[in-house]
Amino acid sequence: MNSKGTRYWPWPTANGEGVTFALEAAKTLCLELQSLLPDVMPFGLEPLAIGIGIEQGSVLVGSIGPARRRTHTLLGETVTVALRIQEMTAELPQPVLIGENAARHLSMSIIESQGKYLLPGLTTPHTLFALLPQDATPTVVTRHQLRVLKGGRR
């Protein structure tokens, strides 16, 4: 944490600390969304839902493209799996789903298996996990802020 109170995402981490930060950020985001939405939706409007997918693994990080259109991006199977997990939140009644690699760094007392799924575009099934109801709200409510990197600078 710096003098302005900004919490920086711990990257990279070998002990799974990043998974814990990601999970707390996801829970805080869900809680913030609930506080912004009305208790009763206006007639004819569907309730707004949030879907968050969390996975951990190797990625390729870098800036790609010509100098005038360069963009900072993440590439790799982990990114694809995280996106597919996020898409599964529309199918399963869970706002936050966690992949099996990320789940290895969490206590089984706070998550439960949702079963194995063959995610679209992938060839091997993945076990997905969700938070148990008592752990669906954050223990400490803080605003996690991610710094946006442009052109490889902080």
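Located above this text is the structure these notes cover.
The present account deals with the structure reproduced in this document. (Residues numbered from 1 in each chain as written. Predicted model: local features only at pLDDT ≥ 70, side-chain atom pairs only at ≥ 80, totals over all residues. Heavy atoms only, no water.)

1. Some remarks on the overall build of the protein
Part 1 of the reasoning: Within the protein, the secondary structure is distributed over three helices and six strands.
Part 2 of the reasoning: When its helices and strands are written in sequence order, the protein yields α-β-β-β-α-β-α-β-β.
Part 3 of the reasoning: Sorting the 154 residues of the protein into buried and exposed places 30% on the buried side.
Part 4 of the reasoning: Look at the contacts in the protein between residues 6 or more apart in sequence, and 56% of them connect residues 24 or more apart.
Part 5 of the reasoning: Of the roughly 10600 Å² that the protein leaves accessible, carbon and sulfur atoms contribute 56%. (Helix = DSSP H or I, 4+ residues; strand = E, 2+ residues; numbered from the N terminus. Buried < 20%, exposed > 50% of the residue type's maximum accessible area, 1.4 Å probe, protein only. Contact = heavy atoms within 4.5 Å. Areas by Shrake-Rupley, 256 points an atom, 1.4 Å probe, with all protein chains shown as cover.)

2. Section: the sheet that holds strand β1 (residues 52–54)
Part 1 of the reasoning: Read from one edge of the open sheet, four strands run β1-β4-β6-β5, paired in mixed fashion. Edge positions in the open sheet fall to β1 and β5 (111–117), since each of these has one partner strand only. Taking the axes of each pair of neighbouring strands and ignoring which way they run, one obtains an average angle of 30° across the sheet.
Part 2 of the reasoning: Of the strand pairs in this sheet, strand β4 (residues 96–99) and strand β6 (residues 126–131) are connected by three bridges, and their pairing is antiparallel. (Pairing = 2+ DSSP bridges. Axes fitted to C-alpha atoms, helices over the stretch in contact; angles between N-to-C directions.)

3. Examining helix α2 (residues 77–88)
Part 1 of the reasoning: Its 12 residues place the ends of α2 17 Å apart at the C-alpha level, agreeing with the 16 Å of an ideal helix rising 1.5 Å per residue.
Part 2 of the reasoning: For α2, the full list of buried residues reads T78, V81, A82, I85 and M88. One face of α2 carries all of its buried residues, which in axial projection span an arc of 115°.
Part 3 of the reasoning: In the core, the buried residues of α2 are packed alongside β1, β4, β5 and β6. (Expected span 1.5 Å × (residues − 1). Arc of directions from axis to C-beta.)

4. Brief notes about helix α1 (residues 17–36)
Part 1 of the reasoning: Here α1 spans 29 Å end to end across 20 residues, near enough to the 28 Å set by a 1.5 Å rise per residue.
Part 2 of the reasoning: Buried within α1 are the following residues: G18, V19, F21, A22, L23, E24, A25, A26, K27, T28, C30 and L33.
Part 3 of the reasoning: Of the surrounding secondary structure, the elements contacted by the buried residues of α1 are β1, β4, α3 (100–103) and β6.

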